[in-house]
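Here is how the chains run, residue by residue.
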Amino acid sequence: MANSEYEYVKREFEFDRRLPPSNWIVVRIDGCHFHRFSKIHAFEKPNDENALRLMNACATAMLEKFPDIVFAYGVSDEYSFVFREETEFYHRRESKILSLCVSYFTSVYVMKWKDFFPNKELKEPPYFDARAVCYPNLKTIRDYLAWRQVDCHINNQYNTCFWMLVKSGKSEQAAQLALKGTFAKDKNELLAQQFQINYDDEPAMFRKGSSVYREKVETTVKIDDYGTPIKRPRLKVTVAHVDIIGPEFWENHQHILREGKFMHEFVKKFGIDRILPPCNWIVVRISGCQFDQFSIIHSLDKPNDETALRLMNASASLMMEQYPDIVFGYGFSNEYSFVFHEKTELYQRQESLILSSCSSYFTSCYVTKWKEFSPHKELMQTPRFEAVALCYPKLKIVCEYLSWRQAECHAGNQYNTCFWMLVKSGKSETEAHEILKGTLSKDKNELLFQQFQMNYNNEPAMFRKGSCIYRRKVEEFAEAEGGDNGTARERWDVKVDHVDLGPGFWRKHPWIMTNCN
Ligand code: GTP
Ligand code: MG
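Treat the numbers as computed from the prediction; the structure is a model and nothing was measured.

**Considerations on the overall build of the protein**
Summing up its helical and strand segments, the protein has 18 helices and 12 strands in all. Taken along its principal axes, the extent of the C-alpha atoms in the protein is 85 × 85 × 50 Å. Out of the 517 residues in the protein, the part that is buried amounts to 49%. Counted over contacts in the protein with a minimum sequence separation of 6, partners at least 24 positions apart contribute 75%. Carbon together with sulfur atoms contributes 50% to the accessible area of the protein, which is approximately 26700 Å² in total.

Quick look at the structure:
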């Protein structure tokens, strides 16, 4: 895209953190507010088998999608994904890895929901946060996984006792008190004596969590001329509920955590989470991945698909509701930028949590709302969005950033409008590119006017200007009781607009960026 005068906002402010080389990368995903989510979907306590199996299906899809994930371990609403030590996935760029993983996982979760809960409607979009932690050697990565499994054991044993006590008539408080200070052995005894339960007979999925990895299985690859099946070992993604603390599993599966050829000593720090600098405006920009393919598969209109854009706007609206600290959003094509006010303390300004939960929630809304916008088009491919977090110390630069995105929208849309008009009029795509090469904005307007009698400025504003989204105060009149004069009440609502984001706009809407309540 053309270099506009605003382009410095990219050059000078965008930088991405790369995770240190020669480390196993663990991406740990955790359900946001799953306490509430499990309640409103009436998950069984303490373990809902279907909910866990849905999580496992998502993890399986992850290993099938991303070959560099060598192992995954999940329990409750969390899942850890281990990338091989020497992965070059997205050049180890943290924000790409985090946002893609969590977004893809969420997308699969929503899409597979009804396979596991055919009779339960999804009442609100589930979403997850994620963090990336690096482990420099075999011992630390093994210890990390052991830590998660010990945690699973402790929590599950506690929860099993707790809910048995509650189901037997104790209050939650009394159950808590009864378990205070007890050891594992005491809990096992309690279960055996009071409820005739042998803890070790509880389902392995609950006790051990779920491990997902590739396993060699003999697979029939073809049948020979004599009708004999020819078998070869093939790697297949497998889910197992086994002990991963002791050495046995790892001795039998040495291919999973193979060390690279070199061990670097320079990697020392684990799990540093970048804190975004204070008093800076935070912009989270979400953009669709491989949307070229996505738009072909779903036959989106070219150059602009109104329905798809409206779905993006609807998802952005839900974002404004979910994150009160977002003061403004601007989107076009398959991207959306969200401006958080400078004082936001969302996730204590931890970059990975902010950008992952945003990309996940946006994705979830997009998938959830798809049917409403395209009732006759089935979602055939899991959409996924990547996100970056940018920091701008001054409001003026945030406005310049937004102008830059709008300039990109304008340049892109004008080019695409000409390009598709030429193609629709019979030119090949190569010819159309050739014709437009080196043309200025004014030339394109003239081309549209002279060859197609089109006035570019009459094209829909949503296509030309993109969409901005913000809150505004509206007055509501409530009838007073007894037929007296009604009273005016103020309420904030979310508005979508398609206008120039120049100084005039900000003068006219002074409250947007200042009203940080
Ligand atoms: P954040 O992660 O901080 O957003 O909060 P959270 O509410 O998700 O809590 P956390 O991740 O610490 O714990 C997960 C919660 O999910 C548990 O406390 C349970 O309330 C709930 N949960 C997870 N799995 C199940 C399940 O199988 N059944 C039920 N009933 N609840 C579950
Ligand atoms: Mg959670």
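**Considering the packing of aromatic side chains**
On inspection of all chains with the given rule, the structure shows 52 aromatic pairs. Seen from their ring centres, Phe34 and Tyr109 are 6.3 Å apart, and the 70° between their planes marks the pair as edge-to-face. Of this pair, Phe34 sits in helix α2 (residues 34–40) while Tyr109 sits in helix α4 (residues 94–116), and the two are 75 residues apart along the sequence. Judged by centre distance (4.9 Å) and plane angle (85°), the rings of Phe249 and Trp250 are edge-to-face. A single burial state applies to Phe249 and to Trp250, both of which are buried. Aromatic rings pair up to connect Phe34, Phe37, Phe43, Tyr79, Phe81, Phe105, Tyr109, Trp113, Phe117 and Phe128 into one cluster.

**Details of the environment of Trp163**
With respect to the helices, strands and loops of the structure, Trp163 is situated in helix α5 (residues 138–167). A sequence separation of 20 residues divides Trp163 from Asp143, and the C-alpha atoms of the two residues are 30 Å apart. Beyond its immediate chain neighbours, meaning those up to four positions away, Trp163 contacts Lys45, Pro46 and Glu172.

**Notes on the pattern of salt bridges**
As a working rule, side chains carrying opposite charge can pair if their charged atoms are close by. What the rule picks out here adds up to 16 salt bridges. Measuring nitrogen to oxygen at the nearest pair gives 4.0 Å for the salt bridge that ties Arg53 to Glu49. One end of the pair is Arg53 and the other is Glu49, both in helix α3 (residues 49–65) and 4 residues apart, which spans about a single turn. By sharing partners, the salt bridges in this structure join Glu78, Arg148 and Asp151 into a single network.

**Side note on unusual backbone geometry**
For residues other than glycine, phi is negative in most cases, and the peptide bonds are mostly trans. Between Lys45 and the following residue, Pro46, the backbone shows a cis peptide bond with an omega angle of -5°. Along the chain, the position of Pro46 falls in the loop between α2 and α3. Although it is not a glycine, His91 sits at a positive phi angle of roughly 50°. If you trace the backbone, His91 turns up in the loop between β3 (78–83) and α4.

**Side note on helix α13 (residues 395–424)**
Here α13 contains 30 residues, and its C-alpha end-to-end distance of 43 Å stays within 8% of the 44 Å for a straight helix at 1.5 Å per residue. Two residues or fewer after α13 comes Gly426, characterised by a positive phi angle close to 120°.

**Notes on the coordination of the magnesium ion (ligand 2)**
The magnesium ion (ligand 2) binds to the protein through Asp30 (OD), Gly31 (O) and Asp77 (OD), with metal-donor distances spanning 2.1 Å. Seen from the magnesium ion (ligand 2), its 6 donor atoms lie at angles of 78 to 176°, and the figure they make is octahedral. Site description for the magnesium ion (ligand 2): donor spacing in sequence, D-G-x45-D. Taken together, the residues span a long stretch of sequence, with Asp30 in strand β1 (residues 24–31) and Asp77 in the loop between β2 (69–75) and β3 at a distance of 47 residues. By relative accessible area, Asp77 is classed as buried at 14%.

**Considering the sheet that holds strand β4 (residues 128–135)**
If you trace the 6 strands from one edge of the open sheet to the other, you get β4-β1-β3-β2-β5-β6, paired in antiparallel fashion. Each of the sheet's edge strands pairs with one partner strand only, and the pair in question is β4 and β6 (229–240). The mean angle between the axes of side-by-side strands here comes to 25°, regardless of whether they run parallel or antiparallel. The pairing of β2 with strand β5 (residues 210–223) spans 4 bridges and is classified as antiparallel. For Gly74, the partnering residue across the bridge sits in β5 and is Ser210.

**Observations regarding the domain arrangement of the protein**
Examined at the domain level, the protein breaks down into domain 1 (17–212) and domain 2 (281–469). The gap between the C-alpha centroids of domain 1 and domain 2 is 34 Å. Contact with domain 1, which involves 23 residues of that partner, is made by 27 residues of domain 2. Counting each side, the surface lost to burial between domain 1 and domain 2 is near 2100 Å², with a carbon and sulfur contribution of 62%. Of all residues in domain 1, Met111, Pro125 and Tyr127 bury the most surface against domain 2, accounting for 25% of the area lost on that side. Across the contact surface, domain 1 and domain 2 share 1 salt bridge. With a shortest N-O distance of 2.5 Å, Lys96 and Glu386 are connected by a salt bridge. If you look at where domain 1 meets domain 2, you find 10 residue pairs in polar contact (both at pLDDT 80 or more). Looking at the side of domain 1 that touches domain 2, the elements with two or more residues in it are α4 and β4. In terms of residue count, α4 provides more of the side of domain 1 that touches domain 2 than any other element does, 14 residues in total.

**Regarding the site of ligand 1**
As a structural note, the neighbourhood of ligand 1 is formed by 15 residues, with Asp30, His33, Phe34, His35 and Asp48 the closest of them. Between ligand 1 and Asp30 there is a distance of 2.7 Å, counted from an oxygen atom to a side-chain nitrogen or oxygen. Gly31 has a polar backbone atom sitting 2.9 Å from an oxygen atom of ligand 1. Look at ligand 1: alone it shows 640 Å² of surface, and the protein chains cover 67% of it. When residues of the shell around ligand 1 are traced back to their parent elements, those giving at least two are β1 and α2. No other element matches the 3 residues that α2 contributes to the shell around ligand 1. Classifying every residue of the shell around ligand 1 by side-chain character gives 4 nonpolar, 6 polar and 5 charged.

Thresholds applied
- Residues numbered from 1 in each chain as written.
- Chains lettered and ligands numbered in written order.
- Predicted model: local features only at pLDDT ≥ 70, side-chain atom pairs only at ≥ 80, totals over all residues.
- Heavy atoms only, no water.
- Helix = DSSP H or I, 4+ residues; strand = E, 2+ residues; numbered from the N terminus.
- Buried < 20%, exposed > 50% of the residue type's maximum accessible area, 1.4 Å probe, protein only.
- Contact = heavy atoms within 4.5 Å.
- Areas by Shrake-Rupley, 256 points an atom, 1.4 Å probe, with all protein chains shown as cover.
- Phe/Tyr/Trp six-rings, centres within 6.5 Å; stacked < 30°, edge-to-face > 60°.
- Salt bridge = Lys/Arg side-chain N within 4 Å of Asp/Glu carboxyl O.
- Expected span 1.5 Å × (residues − 1).
- Donors = N, O, S within 2.8 Å, 3.2 Å for Na, K, Ca; no water.
- Tetrahedral: all angles 85-135°; square planar, octahedral: opposite > 155°, others 65-115°.
- Pairing = 2+ DSSP bridges.
- Axes fitted to C-alpha atoms, helices over the stretch in contact; angles between N-to-C directions.
- Domains from an automatic or database assignment.
- Buried area = accessible area lost by both parts, 1.4 Å probe.
- Polar contact = N/O pair within 3.5 Å; in protein donor to acceptor, adjacent residues only side chain to side chain.
- Near = heavy atom within 4 Å.
- Nonpolar A, V, L, I, M, F, W, Y, C, P; charged D, E, K, R; others polar.

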